[in-house]
Amino acid sequence: MIFERKYYLDQLVRSEGNGMIKVVTGIRRCGKSFLLFSLFRQQLLERGINESHIIQVNLEDRRNKKLRDPDALLQHIDSLMVDSDKYYIMLDEVQLVKEFEDVLNSYLHVPNAEVYVTGSNAKFLSKDIITEFRGRGWEIRIHPLSFAEYYEVIGGEKGEALEMYYRYGGLPAVALLERAEEKQNYLREIFETVYLRDVLERNHLKNPAGMRELVRILASIMGSSTNVRRITNTFKTAGGIDITPATITKYIECLQDAFFISEALRYDVKGRKYIGTETKYYFEDIGIRNAVLEFRQLEPTHAMENVIYNELCRNGFSVDVGMVESFKRDKDGQLKRRNLEIDFVVNRHDERLYIQSAYALPSNEKVNQEQDSLLQVDDGFRKIIVAGDRYRSGYNEDGILMIALYDFLLGKLDLWKRQ
């Protein structure tokens, strides 16, 4: 079985000839190398590109260790470019090359070179490196499998498929394993030997126990508002590990740089400003999050929220957590101020969506509770509730678009198009 990754393959195809270095980024084991070295390579061959004009170097391969030297890599590539026809140069995990910026910039001036590279660290696209590229780096961000990609290959009853997706996530290798024990063991192993070790070694961190405990805490509070002070207090309560707020901040940044977690900032909708006191963290892959907690604490409500967040990010949208202030009289007639949360404030250019995630809507009272914060916003942008127990999509009498979870995850509706 093969996951075709059509969305990302199309981005690679469309980026050809744009005069930029194509930079494929994403968490380790999400399929970057397979996309580039297998799917894109096959697409090129089917178009009639001569195999000798496709230059591939896997820099993680120990056999290519000598090519991590920038001059050796340049010499190797140059030796394979023997005519003026176009060459497709593919470098996997190029950040392992010293001074790789110079290597890539060298091919910006070669008219018959199309360069594609992968990297597993957000610092790979830091401002300094973008400056080195002189505005000629084109990022294609890869994520683990969406539910639509997963279901297209795995199939079966949708409810059972989604339950498996909630539990084991969307890493391609995990999805193809058949037994639950195999999936769990794989996820546990790559967390320890790939993700955790990579973050520690790449950033020269000396406190693996502290990092491991931080990841466990973030997994436990996934999708809940928090801040560094609160996390620090959790460390103190747990006992045994002495860690400062500054260290926690640094460790969180390292996890974000590795695409392991993402941060959703809190945004004051009416005040039109960010609130810096608290934030939410979501995991790039829900299966890794569950492995961190030994597959305990599997709350479907939080899993659904994380999956929705990832789906929005996968489509290239900017996603924040919304806060809206409102006033309501209590039973004694006193006017009380309330701060209500909107799960996701989604931005695309000058457009916006407000989205609530609702695992179940068993009563009108629950519907009113979920849409209360949405109805406090009167700026005219579309308001949506994604409901896990709803099987049909449509507007309710309050003008809220009620979307069935499967319609949302399988891409059956254009969220931005007025019906």
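Calculation rules
Residues numbered from 1 in each chain as written. Predicted model: local features only at pLDDT ≥ 70, side-chain atom pairs only at ≥ 80, totals over all residues. Heavy atoms only, no water. Salt bridge = Lys/Arg side-chain N within 4 Å of Asp/Glu carboxyl O. Helix = DSSP H or I, 4+ residues; strand = E, 2+ residues; numbered from the N terminus. Buried < 20%, exposed > 50% of the residue type's maximum accessible area, 1.4 Å probe, protein only. Patch = residues over 30% accessible without salt bridge, like charges linked within 9 Å, V, L, I, M, F, W, Y side chains within 5 Å. Areas by Shrake-Rupley, 256 points an atom, 1.4 Å probe, with all protein chains shown as cover. Axes fitted to C-alpha atoms, helices over the stretch in contact; angles between N-to-C directions. Parallel < 35°, antiparallel > 145°, perpendicular 65-115°, else oblique. Left-handed = near helix turned anticlockwise from the far one by under 90°. Contact = heavy atoms within 4.5 Å. Nonpolar A, V, L, I, M, F, W, Y, C, P; charged D, E, K, R; others polar.

Draft legend 1. Broad picture of the pattern of salt bridges. Per the stated rule, a full pass over the model turns up 30 salt bridges. Salt-bridge contacts for Arg 28 lead to Glu 60; the nearest nitrogen and oxygen are separated by 2.4 Å. Linking Arg 28 in the loop between β1 (21-25) and α2 (32-46) with Glu 60 in the loop between β2 (54-58) and α3 (70-80), this pair joins segments that are 32 residues apart in sequence. The class for Arg 28 is buried, based on a relative accessible area of 11%. By relative accessible area, which is 42% here, Glu 60 ends up partly exposed. Across the salt bridge formed by Glu 341 and Arg 266, the nearest N and O atoms sit 4.0 Å from each other. In this pair, Glu 341 is assigned in strand β9 (residues 335-348) and Arg 266 in strand β6 (residues 261-268), connecting sequence segments 75 residues apart. Judged by relative accessible area, which is 26%, Glu 341 ranks as partly exposed. Put simply, Arg 28, Lys 32, Glu 60, Glu 93, Asp 198 and Arg 202 are held in one network by salt bridges that share partners.

Draft legend 2. Fine view of a nonpolar patch on the surface. Nonpolar side chains collect at one region of the surface, where Met 1, Ile 154 and Leu 176 lie side by side and expose about 280 Å² of accessible area between them. On the accessibility criterion, Met 1 (67% relative accessible area) is exposed.

Draft legend 3. Representation of unusual backbone geometry in the model. Non-glycine residue Phe 259 carries a positive phi angle of around 60°. Take Phe 259: it is sitting in the loop between α12 (245-257) and β6. Positive phi, normally seen in glycine, also occurs at Phe 295, with a value near 60°. Mapping Phe 295 onto the fold places it in the loop between α13 (286-292) and α14 (300-314).

Draft legend 4. Quick peek at the packing of helix α6 (residues 147-154) against helix α7 (residues 158-168). As a packed pair, α6 and α7 sit with axes 11 Å apart at the nearest point and diverge in direction by 125°. With respect to each other, α6 and α7 are oriented oblique. As α6 runs across α7, the sense of the crossing is right-handed. Mapping the contact onto sequence places Phe 147, Tyr 150 and Tyr 151 in α6 and Lys 158, Ala 161, Leu 162, Met 164 and Tyr 165 in α7. Here the contact of α6 with α7 is built from residues that sort into 7 nonpolar, no polar and 1 charged.

The analysis is restricted to geometry; functional conclusions fall outside its scope.
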